[in-house]
Structure formats: C-alpha cells, structure tokens
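So the chains spell out like this:
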Amino acid sequence: MIITRKAIPRRTVLRGLGASLALPLLDGMVPAFAAIRNTAAAPVRRLGVVYVPNGMMMNHWTPRTEGAGFDFPTVMKPLEPFRRHVQVLSGMHGVDGEGPHARSSTRFLTGVGAKPDNGSDLSAGVSMDQLAGRVLGRETQLATLELALDGRDFAGSCDDGFSCAYTNTIAWAGDTTPLPMENDPRVVFERLFGDSGSTDPAIRKARLRKDASLLDSVTERAGALSRELGAGDRAKLRQYLEAVRDIERRIQMAEAQSGRELPVVDQPAGIPGTFGEHAKLMFDLQALAYETDLTRVATFMMGREITGRTYAEIGVPDAHHPISHHQRDPAKLAKLTKINQYHVQLFSEFLARLAATPDGDGTLLDHSMIVYGAGMADSNAHASENLPILLAGGGAGTGGRHVRYSPDTPLANLHLSLLDKLGVPVESLGHANGRLPLDPLAA
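This text gives an overview of the structure that appears in the document. (Residues numbered from 1 in each chain as written. Predicted model: local features only at pLDDT ≥ 70, side-chain atom pairs only at ≥ 80, totals over all residues. Heavy atoms only, no water.)

Judged by pairing direction, the sheet is mixed, and its 8 strands sit side by side in the order 4-14-5-13-12-3-9-6 without closing on themselves. Looking at which strands have only one partner, the edges of the open sheet turn out to be strand 4 (67–68) and strand 6 (145–148). Note: strand 6 against strand 9 (residues 297–301), 4 bridges, orientation parallel. Following the sheet pairing, L147 is matched in strand 9 by F300. Together, strand 3 (46–52), strand 6 and strand 9 form the strand contacts of helix 3 (residues 128–136), whose direction differs from that of strand 9 by roughly 155°. (Pairing = 2+ DSSP bridges. Helix = DSSP H or I, 4+ residues; strand = E, 2+ residues; numbered from the N terminus. Contact = heavy atoms within 4.5 Å. Axes fitted to C-alpha atoms, helices over the stretch in contact; angles between N-to-C directions.)

Before going further, it helps to spend a moment on the pairing of strand 5 (residues 86–90). Consecutive side chains of a regular strand alternate in pointing toward one face of the sheet and then the other. Here strand 5 lies mainly inside the structure; 5 of its 5 residues are buried. As paired strands, strand 5 and strand 14 (residues 401–404) are joined by 4 bridges and run parallel to one another. When the sheet's bridge partners are listed, L89 is paired in strand 14 with V403. (Buried < 20%, exposed > 50% of the residue type's maximum accessible area, 1.4 Å probe, protein only.)

This paragraph deals with the pattern of salt bridges. Evaluation of the coordinates by the stated rule reveals 17 salt bridges. A salt bridge links K236 to D27; the nearest nitrogen and oxygen atoms lie 3.1 Å apart. On the criterion of sequence distance, the pair formed by K236 in helix 8 (residues 231–258) and D27 in the loop between strand 2 (19–22) and helix 1 (32–36) is long-range, its members being 209 residues apart. Between K77 and E80 there is a salt bridge whose closest N-O contact spans 3.0 Å. Overall, the relative accessible area of 32% leaves E80 in the partly exposed class. Connected through shared salt-bridge partners, D246, R249, R250, D284, E291 and R353 make up one network. (Salt bridge = Lys/Arg side-chain N within 4 Å of Asp/Glu carboxyl O.)

Core analysis: the largest hydrophobic core is formed by 76 residues, its most contacted members being W61, M302 and F347. Considering each element in turn, this core owes the most residues, 10 residues, to helix 9 (residues 275–291). In terms of nonpolar packing, the next biggest core, distinct from the first, is built from 40 residues, Y51, I170, L179 and V371 among them. (Core = buried A, V, L, I, M, F, W, Y, C linked by side-chain atoms within 4.5 Å.)

What follows concerns empty space enclosed by the protein. Tallying each qualifying case throughout the model produces 1 cavity of 30 Å³ or more. Computed from the structure, the largest cavity encloses a volume of approximately 50 Å³. Lining the largest cavity, in full, are A148, D150, G151, R152, N168, M301, G303 and R304. Here the residues of the lining of the largest cavity sort into 2 nonpolar, 3 polar and 3 charged. (1 Å grid on protein atoms, 1.4 Å probe; cavity = no way out; pocket = protein on both sides within 12 Å on 5 of 7 lines; lining within 4 Å. Points joined across faces, edges and corners; volume = space filled by probe spheres on them. Nonpolar A, V, L, I, M, F, W, Y, C, P; charged D, E, K, R; others polar.)

Before going further, it helps to examine helix 5 (residues 185–193). Within helix 5 the residues assigned to the buried category are P185, R186, V188, F189, L192 and F193. An end-on view of helix 5 places all buried positions within 160° of arc, on one side of the element. Between the side-chain oxygen of the N-cap and the backbone nitrogen of R186 there are 3.0 Å, and the N-cap of helix 5 in question is D184. (Arc of directions from axis to C-beta. Polar contact = N/O pair within 3.5 Å; in protein donor to acceptor, adjacent residues only side chain to side chain.)

Given below as structure tokens:
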C-alpha cells in the first residue's frame, strides 16, 4: 500500500510578533495510515477539578434516588441536559480536624488536613492534579493550569490560627508548597498564547504599541496553513480562531472598562465586572487549553473558602460566607441555594462548550474527567461527611447514575481511581484506604 497523504504534525504552532498559537486536533494531524484504515488517533484524557466554597445546600443537591434515572434537585437542575455524562457520588468524607475552611480546601485534592501555623510551617500533601501533571505534562507545554475567580488573601478573612495559603489554593506541589491560583484572564491568556520562544519583554511591548491582537500577528501563517487543509479542517480552524478572537476581545473590553470604573478591591485590571462574565471567560480559557493540548490538567477555584463575595447579579447582595452560616433561617437558605445553583449553571455552560468541541472521534467532554464539588457539606455545621461530589465527562466512566458509597469512604479513594484512569497509578494519597469502584457493576 502506498500512502500519499501528508499528515500535519500534532505540535504545529503558528508564530507571529510576540505570539505563538497552538492548534487544535485537526483531521490532517491524524497519521495517514490511520485515516486510510478509517481509524482515529487514541483520545487524549484530560483532568479538570472545579471547586466551590463554603459548603452546599445538601437537601437541594442530593438526588432522592440512586442508580440510573435519578432526579436532578434544584441546585443540580442545570446539569440535566448532560445526564449521560454525569455521575453523582454521595457518601464520601474528608479529613476532620481544626480550621474547617482551611481543612476543606486543603484536603480536597491532597487527602490531608491543614496544619495550624503562622505561615512559616505549612504542612499538607501533594495534590492529585499535580501527580497527574508530572506524567501527562511530559506531552504538553504546561504541566498544569491553576485558575481562580477570587484574589489571593494574605492577611484577611482566613481561618483563625491558619495561614491564608491553605484557603488560597487547592493545588499543592508538595507537602509545604501551595501553588498560586491565577484569577487575571490576561495573565492566563498570555501564559497560553504568549511568545514562548523569547524572553525579551521588548517583543511584547512592540506588539502592544501596535495595538495588534494575537491573531493579527499570525494571520499570514494561518492563511497559508488553511490552504493546505481539507474543507472540514478549514472549518475547524476558522471556528477555533474565532473563539480565540472572542476571548481576546472580551479581555480587552474588561481592561478598557477597568480604566473608567471604580476599581474593585483585590481585583486586578482586566477582570470583567460580574462574577458570571469572569467565570465564563476563565472556563473558555480552560476549554481552549484543552482543545490545543497546551495542558491536560486544570484546577479551578470558583471561590476561596471564607469568601465574602456578593452576587447582586442574581439578587443576592449578601456576602457568601456569612449567609452560609444560615442557622436554618429561611431567607438565608434561599439565598444560599441561589448561589449554589448559579455556580452549577456556569459549570453547565462550560460542559456545553466542551460537548460542542470536536476532539478526535468524539468531543472534549467525551475525553475529559472533571470533578465538581465542595470541601464541606452543610456549611452551617462545617460538615466533613457526605461531601457533595460529581464527575462529568466520558473519561470518568459510565454516566447517568447516582452512587451512594459507604460513609467510611475517604474522598481520596476517588482520586486514586481517577489517577488510574489517567494512566498515572500511585500507591497512596493522603487518607485514602483503597480505590473507589467507578464501574456501575462493582459499585
């Protein structure tokens, strides 16, 4: 057999003035022999973690029935269109101890509770996303990506007796090394698409002086590549470039608005004016990072523990943390339910974006495993039992079911199982005492 079709290298990058633009997976990147045999390249597995703060309204989160055909309660209702891609996992517990909020975020991916200290004696454990990144990052430009919506707090509303480092992140490179979560979309954008071939700041300044977008700087090479592609790949490339252009435009608009409006405390320039706009922008950046295979591992804190963020855009002008201590007050319970559902609504829009993005023989959602949840259950009680956890994406196994595990099941057991699915088996993680059966027959 003579194979004549020339495959485009998977790592093809378009370069321009101060910019480098990685490309998504195109049909032309599949090896020629695979196309002739009508087979697809092996799918890339991606890991995502989305963390929400200050607990959950569990009675509006937990489905009433187990197994397939479960109901979607009020908080999870926005996820109903993704039933076949969602698994709700109930019953798992975290690590008990002092500092309920510091403990909640720290243990979420490490299985280790926070240690009281003054900032000079941190002690936690390596987080599962970083274990995954050490292996999957060998194939990507960035080993991991850490995103957030709140700014970092260094001396404010943190757990008494605990360093703010514990509530600023869920990602830990080691026992004493918390990783910063980035909440400025411009910084993330430039980390993904900035010029990796030069450290000269003059290059970036030259492009900014010309007021040229990243896409303007690579237009000529994008056009040349497009002429080499088939009709399907040309459409994919056009849609991808339009998505990058849209994100860049939204960042520029936020930066322009920040110069005209009063600054928001702890909010750097370039952050959109509402929580929803900010969240959508960061989720879109994460989706682009997956699509271009710049990273396969991303963590996203939709809020830091003890956050005092308000949500006037959905009719909740009260600070989140105080109303999470609701003391069964009906008005506070209603507002807390609104916040929880709003977070899920934004997450569902991210899943829709992944589901609409082709990836090999499926979509990005088909090939991803995404953990969504909180580090505590009932916020009023700082409960560490029966944590609100769900998995989304085809990479996590059979969806469309609600599984209730034994109350003595550590959350870290789930992480060991997910690492196995990613091809990154490890012997232990924090308080884990085994693997979590994700197969519906084994559960």
